[in-house]
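Each chain, letter by letter, is given below.
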Amino acid sequence: MNFLEERILSDAVVKDGAVLKVDSFLNHQVDTDLVEQIAQEFHRRFAHKPITKVFTIESSGIAIAYAVARQFGVPLVFAKKSGSVNLDGETYIADIPSFTHKVTNRVIVGKRFLQSEDRVLIIDDFLANGYALQGLISLVDAAGAQVWGLGVAIEKGFQEGGDRIRNLGYHLESLAIIDAMDPATGTITFRNNGGTK
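Residues numbered from 1 in each chain as written. Predicted model: local features only at pLDDT ≥ 70, side-chain atom pairs only at ≥ 80, totals over all residues. Heavy atoms only, no water.

**Q** I'm lost on the sheet that holds strand E4 (residues 76–79) in this one. Help?
**A** Sheets are built from strands paired through backbone hydrogen bonds, the pairs being either parallel or antiparallel. Taken in spatial order, the 6 strands of this open sheet run E4-E3-E7-E8-E9-E10, and their pairing is mixed. Pairing within the sheet leaves two strands with one partner each, and these edge strands are E4 and strand E10 (187–190). Put simply, the sheet's adjacent strands are angled 25° from each other on average, direction ignored. One ladder, built from 4 bridges, connects strand E9 (residues 172–182) with E10; its direction is antiparallel. Along E10, the bridge assignment pairs methionine 181 with isoleucine 188. (Pairing = 2+ DSSP bridges. Helix = DSSP H or I, 4+ residues; strand = E, 2+ residues; numbered from the N terminus. Axes fitted to C-alpha atoms, helices over the stretch in contact; angles between N-to-C directions.)

**Q** What should I look at first to understand the packing of helix H2 (residues 32–46) against helix H3 (residues 62–72) in this one?
**A** For any two helices packed against each other, one specifies the crossing angle of their axes together with the interaxial distance. Interhelical geometry of H2 versus H3 gives an angle of 50° and a closest axis separation of 8 Å. Classified by the interaxial angle, the pair formed by H2 and H3 is oblique. Remark: the crossing between H2 and H3 carries right-handed chirality. Note on element contacts: H3 touches H2 through Ala63, Ile64, Ala67, Val68, Gln71 and Phe72, opposite Val35, Glu36, Ile38, Ala39, Gln40, Phe42, His43 and Phe46. Its residues placed into classes, the contact of H2 with H3 shows 10 nonpolar, 3 polar and 1 charged. (Parallel < 35°, antiparallel > 145°, perpendicular 65-115°, else oblique. Left-handed = near helix turned anticlockwise from the far one by under 90°. Contact = heavy atoms within 4.5 Å. Nonpolar A, V, L, I, M, F, W, Y, C, P; charged D, E, K, R; others polar.)

Okay, structure coming up:
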């Protein structure tokens, strides 16, 4: 069992509707030491790739993506979920359904921040149905850049997103893959090691 799986077992809360609350350490209150460990692990897994940009979507993926970008010594770029008065110039746009919020977000990134020569590592905190990652991939594709890898802290393996991304041929690394969750008992079952709470 790895460090992230251990933290999920000790502090995460399983809710109805396939919701895993990790807000006490990852996406509301952030344990910076844990995020640093996550970033180091992603760097270890992708260090052999010539990454020039780390890319994520606001907002809960930013903390992890920032730490990963520092590990690689490259800029972090994040897609914004709505228009902003300080977004000037041409933009790439994608519409992304949100599993958590049950809405479709229009996400935007300035064209000057993703260039055709960029080799991009996409980072996010969660993977459920894969819509956020697919939207980010579409933005990278629109820029003519290349996706060299995708890193996700927590993947819900019982939903189809991970399989969908892998079937498209992308190198996807998830630090904790959950195969089952039971809100009645609070049980969490991880892939590969059979660990449960």
